[in-house]
Amino acid sequence: MRLAVDLHSHSGYAGGVGQIELETVARTMKLKGIDVFGTGDCLYPPRTEQLRRSLTEIDTGLFSLPGDYSRFLLQTEIILTVKLSGYSHKIVAHHIILFPDFETIYSLQDLLQKWNMKNTIGRPFLVNRDQREMEDRLNEIAELNPYLEIIPAHIMTPDGVLGSKNDLSCLEEFYGGYLPRIRIIETGLSADPDMLARIPDLRDLTFISNSDCHSAALNRIGREFSLIDVRERSYRAIIDALRQNQIIFTVEFNPEEGRYYLTGHRKNRRGHDREVIFHNNAPTDNICPLCARKMIPGVYQRCLQLQDRSIVPIKRNFIHLIPLVEIIAHSQNIISVNSVKVQKIFSEIMKIYPSEIALWQSDNIEEHLDKRIPLKTIKQILAVKSGEFHFQPPGYDGIYGKLQIGENNG
């Protein structure tokens, strides 16, 4: 059985996220074709109880709203912080935790209370004095249930464990003796499997992609996802498939679109009259030549620092895609994906295909999309499916890359 899974999201309880109703998420999942979706923030007690009231367990470890087919998997993001020997700065790394049931969530809440850790926001911080304490705590968390899974989130972005803010040389520096229990990593929006394939620490791990979405919008849910092969529709089957690398393919942002792809500074920073972007040869001290302030090294630069070119990479199946509403907006020269015209064209396409994923998996898009769909939109959908798109300028310094499709493709 194939399942399209998107296992990293946030709720209205997370900082910088508006209120997100589960009913809205479920509707968007159907339109996108996502079978299983991470709830986000399930460890935060008010969210835990909201989910418990709203969801019913349908398949073992998977939950639904009443009368709905969409499946939710209990998930949170947690931020681990630790002071490591040899580093003057605190190491901070984001992680996804997947839970098999509510009982395991309650058990982890009890542990956080025992450790005097605050659990008052959607993304709690687990602050550790040193690596030994963190290692012991991670092992204690993992032992709550053999199917609880801890996954390094967006591993190469500045807040990922191998990101530029931490500047670690390998995973063992962070995890110590817990490292053998790390089996899966999330690629993140600014990296793809090709960029990660020659990093020695990552060679034997499963790569998954998730949207890490902060809204239920059509260009957020499912903007990245993983198509996996499972023996049945259940939580345990999903975890087994991930641990055994039963990934059919992942759908990825083109890394150039990601906000942290390249090293640089935005034009609107103090001391700037133009942007500064480095594709290669960024200053070794990462000092901006215009404002003389430090730049955060981009994901591309970090990957180059950690890659071993002698490694023969393992083949990972993945494709770069763009959310359909963004293609429609681009084809019609409309800024907002929420405009009436964009939403109308999307709705017409959904009368032809059961979901956006079904559209991308079709081999006869041009035959199926009829006169209800503008010709330019059809052409740009076909161009994206053929990989004829890029981003200019690419993403950098917190700004998404600017999309170019088809005839605008350089």
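Here the structure is shown first, and the text comes after it.
Rules and cut-offs
Residues numbered from 1 in each chain as written. Predicted model: local features only at pLDDT ≥ 70, side-chain atom pairs only at ≥ 80, totals over all residues. Heavy atoms only, no water. Helix = DSSP H or I, 4+ residues; strand = E, 2+ residues; numbered from the N terminus. Rg over C-alpha atoms; globule rule 2.2 N^0.38 Å. Buried < 20%, exposed > 50% of the residue type's maximum accessible area, 1.4 Å probe, protein only. Contact = heavy atoms within 4.5 Å. Areas by Shrake-Rupley, 256 points an atom, 1.4 Å probe, with all protein chains shown as cover. Lys, Arg positive; Asp, Glu negative; His and termini not counted. Charge placed at Lys NZ, Arg CZ, Asp CG, Glu CD. Core = buried A, V, L, I, M, F, W, Y, C linked by side-chain atoms within 4.5 Å. Expected span 1.5 Å × (residues − 1). Pairing = 2+ DSSP bridges. 1 Å grid on protein atoms, 1.4 Å probe; cavity = no way out; pocket = protein on both sides within 12 Å on 5 of 7 lines; lining within 4 Å. Points joined across faces, edges and corners; volume = space filled by probe spheres on them. Nonpolar A, V, L, I, M, F, W, Y, C, P; charged D, E, K, R; others polar. Axes fitted to C-alpha atoms, helices over the stretch in contact; angles between N-to-C directions. Parallel < 35°, antiparallel > 145°, perpendicular 65-115°, else oblique. Left-handed = near helix turned anticlockwise from the far one by under 90°. Polar contact = N/O pair within 3.5 Å; in protein donor to acceptor, adjacent residues only side chain to side chain.

Honestly, the overall build of the chain in this entry has me stumped. Any pointers?
The number of helices and strands found in the chain is 13 helices and 17 strands. Relative to the 2.2 N^0.38 estimate, which gives 22 Å for 410 residues, the radius of gyration of the chain is 21 Å and therefore close to what a compact globule would have. Here the chain, with 410 residues, has 58% of them falling under the buried criterion. In the chain, 67% of the contacts between residues at least 6 apart in sequence involve partners at least 24 apart. For the chain, the exposed surface amounts to about 17,600 Å²; the carbon and sulfur share of it is 48%. For the chain, the distance from the average position of its 48 positive side-chain charges to the average position of its 51 negative side-chain charges is 5 Å.

Looking at this structure, how should I read the nonpolar core?
Buried together is how nonpolar side chains tend to be arranged in soluble globular proteins. F174, L196, L202 and I349 are the most contacted members of the largest nonpolar core, which has 102 residues in total. F174 has contacts with L80, V82, L84, I91, A93, H95, Q131, M134, V161 and L168, leaving out every residue within four places of it along the chain. Listed in part, the 22 residues of the second largest apolar core include V5, L7, Y235 and I247.

Looking at this structure, how should I read helix α10 (residues 340–352)?
In an α-helix there are 3.6 residues to a turn, and that puts residues three or four apart on one side. Spanning 13 residues, α10 covers 19 Å between terminal C-alpha atoms, matching the ideal 18 Å at 1.5 Å per step. When we look at burial in α10, the residues that qualify are V342, I345, F346, E348, I349 and M350. Elements in contact with the buried residues of α10: α1 (22–32), α9 (324–331), α11 (356–361) and α13 (375–385).

Is there a simple way to think about the pairing of strand β3 (residues 56–59) in this case?
Regular strands have side chains that alternate between both faces of the sheet. In terms of strand pairing, β3 meets strand β4 (residues 62–64) through three bridges, oriented antiparallel. Among the inter-strand pairings, E57 is bridged to a residue of β4, identified as F63. The hairpin turn running from β3 into β4, its antiparallel successor, is two residues long, and G61 in that turn takes a positive phi close to 80 degrees.

Sorry, what's going on with the layout of surface pockets here?
Think of a ball as big as a water molecule: rolled over the atoms, this probe shows where empty space is left. Estimates place the volume of the largest pocket at around 560 Å³. Around the largest pocket, the lining is made up of 28 residues, and of these H154, T157, D212, R259 and Y260 lie nearest the centre. Across the lining of the largest pocket, the residue classes break down as seven nonpolar, ten polar and eleven charged. The volume enclosed by the second largest pocket comes to roughly 420 Å³. Of all the elements in the fold, those that place two or more residues in the lining of the second largest pocket are α9 and β17 (403–405). By residue number, the principal contributor to the lining of the second largest pocket is α9, which donates three residues. Partitioned by chemical class, the residues of the lining of the second largest pocket number eight nonpolar, five polar and five charged.

So what exactly am I meant to see when it comes to the packing of α9 against α10 here?
Two packed helices can be described by the angle between their axes and the distance between those axes. Taken N-terminus to C-terminus, the directions of α9 and α10 make an angle of 125 degrees; their axes are 9 Å apart at the nearest point. When the axes of α9 and α10 are compared, the pair comes out oblique. Viewed along their axes, α9 and α10 form a crossing whose handedness is right-handed. On the side of α9, the interface is formed by L324, V325, I328 and A329, while α10 contributes V342, Q343, I345, F346, I349 and M350. For the contact of α9 with α10, a count of residues per class yields nine nonpolar, one polar and no charged.

Looking at this model, I keep getting lost on helix α4 (residues 131–142). Mind explaining?
End to end, α4 covers 16 Å across twelve residues, agreeing with the expected 16 Å (1.5 Å per residue, within 8%). Within the span of α4, buried status applies to E133, M134, E135, R137, L138, N139, I141 and A142. At the N-terminal boundary of α4, the capping side chain belongs to D130, with an oxygen 3.3 Å from the backbone nitrogen of R132.

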